[in-house]
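Observations on the model geometry
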Amino acid sequence: MELTERQLFLLIVAFCGITCCFSQEQQGDIVIVSDFTPPAIYVAALGPRLNFKQVNVDGGRRNISAPAVVDFDPVERRIYWSQWARAENGEGFIARCDLQGRFYQVLIRNLEYALGLALDTVGRKMYFSHEGMALEVANLNGNNRRTLIRELPTSALFVFFDSVGKRVYVSDSTKQTVESIKLDGTNRTIHIDGADGLVHPSGVIVDRKARRIFYSDFGTDRIAATNLRGEKGYTLYQYPLVSTETDPHAMAMTSQNELYWIDRNHPRLQKIPKNVRPGQIVVPKEVGNKEFGWPSGLHIYQAGGSEGLKSASLVMYLVVPMIFKFLLNQ
């Protein structure tokens, strides 16, 4: 196939546009935090300063009363969050908007208090839990909603999507478990439970490269890890005093091997190295310019990480064939 001068020119322009987009995407590493008190969602560029700014959802016309868990879709550049309850009628829902608060949409309605939320940005799915005692899945636009687990207790706090292992992990503070299932709802497996010293698990992260499950436990006030089978567990950080004044909650990890978490009774984001050895004593570092009231959700997106690279590949897969089809019709 020989290209005309016009087609060649358009191809060069399209290539430069895609390259520019990916260059901007690589600079788009962000940290997102949701806060109950006062209710708001904050975004900061990932770096040493973490200068958080509030997302003005729909120009300030939307009442965010209780944002619980946050996630991010790098393909469409949208923040997703589960709304634990809405002030006027107690309804939970899942919504999204862009980083500037525009294009606000409620995707899933009439949830009995929405809790966990995790996105599969390549497969274009969302996984979410709610106090209707279910783990569900739907398309990112809210369509094709179906139930994966019906018997969840009312405290399935966090959901994590394992893009490599193709499993969904759930932390449950009532059952004292961290468990997972396949994406079709089968092969339900308990990885960690009370016999492992688990009391009230909260945040959970699966690191396939390190072959570790990282989790927070607000019953024992610690950040801990175990292998993928739930064996050889150890503590990365133990709060000096086990108290109701401490509440380690949502967690996130960077490709620089840093483990971040929020404490619902601590005003600032904290971090430690991911590769802490058993028995090693570490002191968490407080980061960010923002003092939160009662933070609930945390998500870190890195364009150069596995999530970003897979999303970039998806964009190339979708966009490049469209460009060539357009050029051939010129």
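Keep in mind that what you see is a predicted model, and the values were worked out from it rather than measured.

1. With respect to the overall build of the chain
Scanning the chain from N- to C-terminus turns up two helices and 24 strands. The buried share of the chain, reckoned over its 330 residues, is 52%. Counting contacts in the chain only where the partners sit at least 6 residues apart, residues at least 24 apart contribute 44% of the total. For the chain, the accessible surface area stands at approximately 15700 Å², while carbon and sulfur atoms represent 53% of it.

2. Overview of the side chain of Thr246
By the element assignment, Thr246 lies in the loop between strand 19 (234-238) and strand 20 (248-253). Here the side chain of Thr246 touches Asp221 through a polar contact of 2.5 Å, side chain to side chain.

3. Some thoughts on the pattern of salt bridges
Side-chain pairing between opposite charges can occur once the charged atoms of the two side chains come close. This structure, assessed with the given rule, holds twelve salt bridges. Linking Arg96 and Glu76 is a salt bridge whose minimum nitrogen-to-oxygen distance equals 3.7 Å. Placement of Arg96 in strand 6 (residues 92-98) and of Glu76 in the loop between strand 4 (67-73) and strand 5 (78-83) is noted, with a sequence separation of 20 residues between them. Judged by its relative accessible area of 9%, Arg96 is buried. Linking Arg188 and Glu179 is a salt bridge whose minimum nitrogen-to-oxygen distance equals 2.4 Å.

The rules behind each value
- Residues numbered from 1 in each chain as written.
- Predicted model: local features only at pLDDT ≥ 70, side-chain atom pairs only at ≥ 80, totals over all residues.
- Heavy atoms only, no water.
- Helix = DSSP H or I, 4+ residues; strand = E, 2+ residues; numbered from the N terminus.
- Buried < 20%, exposed > 50% of the residue type's maximum accessible area, 1.4 Å probe, protein only.
- Contact = heavy atoms within 4.5 Å.
- Areas by Shrake-Rupley, 256 points an atom, 1.4 Å probe, with all protein chains shown as cover.
- Polar contact = N/O pair within 3.5 Å; in protein donor to acceptor, adjacent residues only side chain to side chain.
- Salt bridge = Lys/Arg side-chain N within 4 Å of Asp/Glu carboxyl O.

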